[in-house]
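Fold and contact review
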Amino acid sequence: MHTDASNFSSVPVLDYALLSSAAGRNTFIIQLRHALINVGFLYLKNHSVRHEIVDKLMNYYIPKLFDLPQEAKDKIKMPNSEHFLGYSRLGTELTKGQVDQREQFDFGTKHKCRWQKGDPDYYRLWGPSQWPDEELIPGFRETMEMYLEEVEQLGYKFSSLLAEALGLGPKGLEHFYDTQDMMQHRGKIVKYPVITGGNDQGVGPHYDAGFLTLLLQASPHRGLQVQNLSGEWIDAPPIPGTFVINIGKAFEFVTRGVARATSHRVLSPKGDTPRYSVPFFQNISLTIKLVDEVLDFPPEILQLRDKRGTVGATDSVNFTEFDREPSGHVNLIGRVKSHPDTAVTHYPELFNNIFPNGHSGGASAY
Ligand SMILES: O=C(O)CCC(=O)C(=O)O
Ligand SMILES: [Fe+2]
């Protein structure tokens, strides 16, 4: 089990501005190492994404997006898209058998599709986004595309810092990515409505599946909670001007547990206004097989992992199948499980393998 010294009662706040001096950089890397090994979550302040873009999204576009007429939202519904990009209505996801109370739009970063006839199905996983009609929400697409581009660039810089913090050198994780034009990452704009009584599960306890998540809490509501090493739920309230960054299961797997994927959940907002958030999932190459990757950690990093100890069972749903399969296939399985209504149309064979008796009701968040 874990040691008490490595447990946490709050999520650390790291200052990106420290990177501008050599001494500051050293401090940042040490703090990042601690956050990765013991917490799996951190806030990043003074980051590189332009404040004007974040502000425009938070204070103008996001509420407007959800206020579009239902038919305008349904016009870009996810089942239209073999790339699992588009709009999902409230109540279409389940986590731990309970409905997640959230409504969402998935948008991808710009991407050059590699799929050709005869290629594996998972090459089709990435492709163009569906956007709402420009005249209904003028300028939204341009702003969101700028946002995705800037968060993507931050994601790449951050993954170089992760590599450094784990003693792998700044280029130590570069080979997990294809060239940038071939990569696609996914941003999601989420609304958690106010729930009166009953099920207040915004999203149930889960791990993120991928490498790295950069989350913008886009309204002042509390609700995000993170599970510490002894299983207590710790609040991660919004801090203006920050991203919450966390590690997913793929990264935990490839670091053989040196870095932690941490269980988290969102409770529905109290009061009379909805909570909004924008998680961004930084992907890795579709073709890489994580099981083949052996990272060479220096002994002092391995000692820190051993000092932390292993993490006991959490409340989270567990998955996944990183063994043997290329990352794109693992990713596709996750998308099929969380959006069976989309999968049944575009990936019927895989759908039948995963749901041999057909599918009834909601899916599991992934
Ligand atoms: O909305 C949030 O604050 C977190 C959402 C989340 O954990 C997810 O979508 O994976
Ligand atoms: Fe998550």
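For the structure itself, look to the data block above.
Residues numbered from 1 in each chain as written. Chains lettered and ligands numbered in written order. Predicted model: local features only at pLDDT ≥ 70, side-chain atom pairs only at ≥ 80, totals over all residues. Heavy atoms only, no water.

1. Re the coordination of the iron ion (ligand 2)
Heads up, the condition is: Because water is not among the atoms used, a metal site may look incomplete, as its donors are only the N, O and S atoms within 2.8 Å, or 3.2 Å for Na, K and Ca. For every residue, the accessible area obtained with a 1.4 Å probe (protein chains only) is divided by the maximum for its type, and the residue is called buried under 20%, exposed over 50%, and partly exposed between those limits.
Every protein donor of the iron ion (ligand 2) is accounted for by H206 (NE2), D208 (OD) and H264 (NE2), and the metal-donor separations fall at 2.1 to 2.2 Å. A relative accessible area of 8% means that H206 is categorised as buried.

2. Points about the sheet that holds strand β10 (residues 224-227)
Condition: DSSP-based pairing: two strands are paired if at least 2 bridges between them are found. Secondary structure follows DSSP: runs of H or I at least 4 residues long count as helices, runs of E at least 2 residues long count as strands, and numbering of each begins at the N terminus. Here the axes come from fitting lines to C-alpha atoms, over the contacting stretch only for helices, and the angles between their N-to-C directions go from 0 to 180 degrees.
Taken together, four strands build an open sheet; the order of strands is β8-β13-β10-β11 and the sheet is antiparallel. Each of the sheet's edge strands pairs with one partner strand only, and the pair in question is β8 (201-206) and β11 (233-235). Taking each pair of neighbouring strands and ignoring which way they run, the sheet shows an average axis angle of 25°. Relative to β11, β10 runs antiparallel, the two being bridged by three bridges. Residue pairing across strands places Q225 opposite D235, the latter belonging to β11.

3. A look at the side chain of S219
Definition in use: Pairs of N or O atoms within 3.5 Å make up the polar contacts considered here, provided that, within protein, one atom can donate a hydrogen while the other can accept it, and that residues adjacent in sequence are counted only when both atoms are side-chain atoms. The contact rule is simple, with two residues in contact once any of their heavy atoms fall within 4.5 Å.
Looking at the secondary structure, you find S219 in the loop between β9 (212-217) and β10. A distance of 2.8 Å separates a polar atom in the side chain of S219 from a polar atom in the side chain of H221. One polar contact links the side chain of S219 to the main-chain amide nitrogen of Y276, over a distance of 3.0 Å. Apart from the residues lying within four places of it in its own chain, the contact partners of S219 are M58, P238, P274, R275 and Y276.

4. Describing the environment of F280
The residue F280 is located in strand β14 (residues 275-282) in this model. Sequence separation of F280 and V203 is 77 residues, and the distance between their C-alpha atoms is 16 Å. In contact with F280, other than residues within four places in its own chain, are T109, L148, V151, E152, H185, R186, G187, L212, T213 and L214.

5. Observations concerning the site of ligand 1
Put simply, the rule reads: One heavy atom within 4 Å of a molecule or strand makes the whole residue count as near it. Shrake-Rupley sampling with a 1.4 Å probe provides the accessible areas, and residues are treated as covered by the protein chains on show and by no other component.
Taken together, the residues surrounding ligand 1 are R102, K188, Y192, H206, D208, L215, H264, V266, R275, S277, P279 and F281. Take R102: an N or O atom from its side chain is 3.1 Å from an oxygen atom of ligand 1. Between ligand 1 and H264, the relevant distance is 3.0 Å, taken from an oxygen atom to a side-chain nitrogen or oxygen of the residue. Out of a free accessible area of 300 Å², ligand 1 has 96% covered by protein chains. Contributing elements (two or more residues each) for the shell around ligand 1: β7 (186-192), β13 (264-267) and β14. Sort the elements by how many residues they give to the shell around ligand 1 and β14 lands first, with four residues.

6. Section: the pairing of β8
Here β8 lies mainly inside the structure; six of its six residues are buried. Summarising the sheet, β8 and β13 pair through three bridges and their orientation is antiparallel. Bridging from a neighbouring strand, V203 pairs with V266 of β13.

7. Let's talk about the sheet that holds strand β6 (residues 103-108)
One key point about sheets: their strands pair by backbone hydrogen bonds, in either a parallel or an antiparallel sense. Ordered in space as β1-β2-β12-β9-β14-β7-β6-β3, the eight strands form an open sheet in which the pairing is mixed. Of all strands in the sheet, those with a lone pairing partner are β1 (13-15) and β3 (86-88), marking the two edges. For this sheet, the mean inter-axis angle between neighbouring strands, taken without regard to orientation, is 25°. Examined bridge by bridge, β3 and β6 share three bridges and lie antiparallel to one another. In the sheet register, Y87 faces β6, and the bridge partner there is F105. This element, helix α1 (residues 22-39), spans β1, β2 (41-45) and β12 (242-247) of the sheet and lies at about 150° to β2.

8. Comments concerning the packing of α1 against helix α6 (residues 299-308)
Under the convention used in this document: Angles are sorted into four bins: roughly parallel if under 35 degrees, roughly antiparallel if over 145, roughly perpendicular if 65 to 115, and oblique for all others. The hand of a helix crossing depends on one turn: near helix anticlockwise from the far one by less than a right angle means left-handed, and clockwise means right-handed. Polar here means any residue other than Ala, Val, Leu, Ile, Met, Phe, Trp, Tyr, Cys and Pro, which are nonpolar, and Asp, Glu, Lys and Arg, which are charged; Gly is therefore polar.
Two elements in contact, α1 and α6, have axes separated by 10 Å at closest approach and are oriented at 45°. Taken as axis vectors, α1 and α6 run oblique relative to one another. By crossing handedness, the relation of α1 to α6 is classed as right-handed. On the side of α1, the interface is formed by R33, I37 and N38, while α6 contributes I301, L304, R305 and R308. Partitioning the contact of α1 with α6 into residue classes produces three nonpolar, one polar and three charged.

9. Some words on the pattern of salt bridges
Our working rule: Just to be clear on terms, a salt bridge is a Lys or Arg side-chain nitrogen sitting within 4 Å of an Asp or Glu carboxyl oxygen.
The final tally for this structure, using the stated rule, is 17 salt bridges. Note that E150 and R50 form a salt bridge whose closest N and O atoms lie 2.7 Å from each other. Residue E150 is found in helix α4 (residues 140-165), and its partner R50 is found in the loop between β2 and α2 (51-66); the two are separated by 100 residues along the sequence. For E150, a relative accessible area of 16% corresponds to the buried category.

10. A few points about the nonpolar core
Put simply, the rule reads: Nonpolar cores were defined as sets of buried Ala, Val, Leu, Ile, Met, Phe, Trp, Tyr and Cys residues, with membership established by side-chain atoms within 4.5 Å.
Counting residues in hydrophobic clusters, the biggest one holds 82 residues, and the most contacted among them are L32, F140, M144, Y147 and F158. Sequence-distant contacts of F140, that is, excluding residues within four places in its chain, are made with L57, Y61, L65, F107, W131, P132 and I189. Among the nonpolar cores identified, the runner-up in size contains 15 residues, and F41, Y43, Y192 and I234 belong to it.

11. Concerning the packing of α1 against α4
At their nearest, the axes of α1 and α4 sit 9 Å apart, and the two run at 85° to each other. One element, α1, and the other, α4, form an angle in the roughly perpendicular class. Touching R25, F28, I29, L32, R33 and L36 of α1 are F158, L161, L162, E164 and A165, all from α4. Residue composition of the contact of α1 with α4, grouped by class: eight nonpolar, no polar and three charged.

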